[in-house]
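These are the residues of each chain, in order.
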Amino acid sequence: MRLIIQPDYQSISEWVANYVAAKVKKANPTEENPFVLGLPTGSSPLGMYRQLIRLYKKGLVSFEHVVTFNMDEYVALPRNHEQSYYTFMWHNFFSHINIKAGNTNILNGNAPDLQQECADFEAKIASYGGIDLFLGGIGPDGHIAFNEPCSSLTSRTREKTLTTDTIIANSRFFDNDVNKVPKTALTVGVGTILDAKEVLIIVNGHGKARALRHGVEEPMSHIWTVSALQMHPKGMIVCDYDACAELKVGTYKYFLDIEKDYLNPDSLL
């Protein structure tokens, strides 16, 4: 696992955006051989999306031949609802770049058969030969996508019941009213994420410090699903100083030392 430590959220966002843009450019994708990108929602990736839009407008990256698969979507929330992840992606990212609408894939939480919807999503990922780079964030309890604590580390795309902690955390997007937050969601599984050729997780803020410690220093456990990244051959976490509050000093200094040549985001492009 790689741990890239940045000073603050702005630095994280710039580093990750430059990394994504560099990966897309290096792949030199075509219509027949697109670059396949897994994408998250929530507050953690917003800065990255803003930076990717900036890079696109500067002509440094094109999304014409990029195919995306989003991590999750609420169940029974209309797609045009302001808090649906479909709306989130188009408002915060897709409508600002040159991606083709047909190349974006977001789970349909209103599908008549949710189990079939999940199976079809997995099949479509496989039809592209898998995901090249899966981006994600984590919750304070260390969950990735909506793989709540005790989710199977080999799980696939499915419907999940959200924990009370997640509902409370997400209520900030629903007028701080927990009763407005959907109680279930469709989500890719931990196994789905680990199947990607590369996985990059964004972790920012003191509130994620305990989860980062469990993900990096503690044994792998289904209680902290982010810890499954320890098993990935190309797993990476990009975090800020605040998120490192519970790491051992030795761990912190070790990663600062071995990654010192990769700390400048401008060096990636």
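Residues numbered from 1 in each chain as written. Predicted model: local features only at pLDDT ≥ 70, side-chain atom pairs only at ≥ 80, totals over all residues. Heavy atoms only, no water.

### What to know about the layout of surface pockets
What counts is decided by this rule: Cavity: a set of points on a 1 Å grid over the protein atoms alone where a 1.4 Å probe fits but cannot get out. Pocket: an open set with protein on both sides within 12 Å along at least five of seven lines, its lining residues, like those of a cavity, having an atom within 4 Å of a point. Grid points are joined across faces, edges and corners, and a volume is the space filled by probe spheres set on the points. Strands are runs of DSSP state E lasting at least 2 residues, helices are runs of H or I lasting at least 4, and numbering of each runs from the N terminus. Just so you know the grouping, Ala, Val, Leu, Ile, Met, Phe, Trp, Tyr, Cys and Pro go in nonpolar, Asp, Glu, Lys and Arg go in charged, and all remaining residues, Gly too, go in polar.
Roughly 510 Å³ of volume is contained in the largest pocket. Thr 41, Gly 42, Ser 43, Tyr 85 and Asn 170 are the residues nearest the centre of the largest pocket, which is lined by 29 residues in total. Those elements giving two or more residues to the lining of the largest pocket turn out to be strand S4 (72-74), helix H3 (85-92) and helix H5 (164-170). Grouping the constituent residues of the lining of the largest pocket by class yields 13 nonpolar, 12 polar and four charged. Here the second largest pocket is characterised by a volume of approximately 280 Å³. Contributing to the lining of the second largest pocket are 17 residues, with Lys 23, Ala 27, Phe 35, Asp 132 and Lys 197 lying nearest its centre. Among the elements of the structure, helix H1 (9-27) and strand S2 (35-39) are those that each provide at least two residues to the lining of the second largest pocket. If one sorts the elements of the lining of the second largest pocket by residue count, H1 sits on top with three residues.

### A word on the sheet that holds strand S8 (residues 184-187)
Stated formally: Any two strands between which DSSP finds at least two bridges are classified as paired. Working convention: axes come from line fits to C-alpha atoms, limited for helices to the stretch in contact. Angles between N-to-C directions cover 0 to 180 degrees.
With antiparallel pairing, three strands are arranged side by side in an open sheet as S4-S8-S7. Looking at the sheet topology across the chains shown, the edges are occupied by S4 and strand S7 (158-161). Going across the sheet, the axis of each strand differs from the next one's by a mean of 30 degrees, ignoring polarity.

### Brief notes about the pattern of salt bridges
The line we're drawing: One side-chain nitrogen of Lys or Arg within 4 Å of one carboxyl oxygen of Asp or Glu is enough to make a salt bridge. Burial here depends on accessible area, computed with a 1.4 Å probe over protein chains only, as a share of the maximum for the residue type. Under 20% is buried, over 50% is exposed, and the range in between is partly exposed.
What the rule picks out here adds up to nine salt bridges. For Glu 259, the salt bridge goes to Arg 2, with nearest N and O atoms at 3.0 Å. With Glu 259 in the segment after helix H8 (249-258) and Arg 2 in strand S1 (residues 2-6), this pair connects stretches of sequence that are 257 residues apart. Judged by relative accessible area, Glu 259 falls into the buried class, the value being 5%. Owing to a relative accessible area of 25%, Arg 2 belongs among the partly exposed residues under this scheme. The salt bridge partner of Arg 156 is Asp 195, with a shortest N-O separation of 2.7 Å. Here the residue Arg 156 occupies a position in the loop between strand S6 (133-137) and S7, and Asp 195 occupies one in the loop between helix H6 (190-194) and strand S9 (199-203), the gap between them amounting to 39 residues. Taken together, the salt bridges that share partners define one network made up of Glu 122, Arg 156 and Asp 195.

### Quick notes on the sheet that holds S2
Taken in spatial order, the seven strands make up an open sheet running S1-S10-S9-S6-S2-S3-S5, and their pairing is parallel. The outermost strands of the open sheet, each flanked by one partner alone, are S1 and strand S5 (104-105). In this sheet, strand S10 (residues 235-240) lies alongside S1 in parallel orientation, the contact comprising five bridges. Looking across to S10, one finds that Ile 4 is bridged to Val 238.

### Some words on the side chain of Thr 166
Using the following cut-off: Within 3.5 Å is the distance limit for a polar contact, defined as a pair of N or O atoms, with the added protein rule that one can donate a hydrogen and the other accept it, and that residues adjacent in sequence qualify only through two side-chain atoms. We call two residues contacting when some pair of their heavy atoms lies within 4.5 Å.
With respect to the helices and strands, the residue Thr 166 is situated in helix H5. At a separation of 2.7 Å, a polar atom in the side chain of Thr 166 contacts the side chain of Glu 148. Among the polar contacts listed, one links the side chain of Thr 166 to the side chain of Thr 163, at a separation of 3.1 Å. If near-sequence neighbours (up to four positions away) are discounted, Thr 166 is found in contact with Asp 141, His 143, Phe 146 and Glu 148.

### Digging into the environment of Ser 221
Along the chain, Ser 221 turns up in the loop between helix H7 (209-216) and S10. Distance from Ser 221 to Cys 150, taken between C-alpha atoms, is 8.2 Å for residues 71 residues apart in sequence. With near-sequence residues (within four places) excluded, Ser 221 lies in contact with Leu 153 and Ser 227.

### Let's talk about the nonpolar core
Note the cut-off: Residues grouped as a nonpolar core are buried Ala, Val, Leu, Ile, Met, Phe, Trp, Tyr and Cys residues, joined through side-chain atoms within 4.5 Å.
In this structure, Trp 15, Val 16, Leu 52, Phe 93, Leu 135 and Leu 200 are the most contacted members of the largest nonpolar core, which totals 43 residues. When contributions to this core are tallied by element, the ones reaching two or more residues are H1, S2, helix H2 (46-57), H3, S6, S9 and S10. Looking at this core, the element that brings in the most residues is H1, giving eight residues. Sequence-distant contacts of Leu 52, that is, excluding residues within four places in its chain, are made with Ala 17, Val 20, Ala 21, Val 61, Phe 63 and Phe 93.

### Side note on H2
Convention followed: By this rule the span expected of a helix is its residue count minus one, scaled by 1.5 Å.
Taking 1.5 Å as the rise per residue, H2 with 12 residues should run 16 Å; its terminal C-alpha atoms sit 17 Å apart, in good agreement. What H2 keeps buried is the set Gly 47, Met 48, Tyr 49, Gln 51, Leu 52, Ile 53 and Leu 55. Positioned one or two residues after H2, Gly 59 has a phi angle of 80 degrees, which is positive.

Everything listed is a geometric property; what it means functionally is a separate question.
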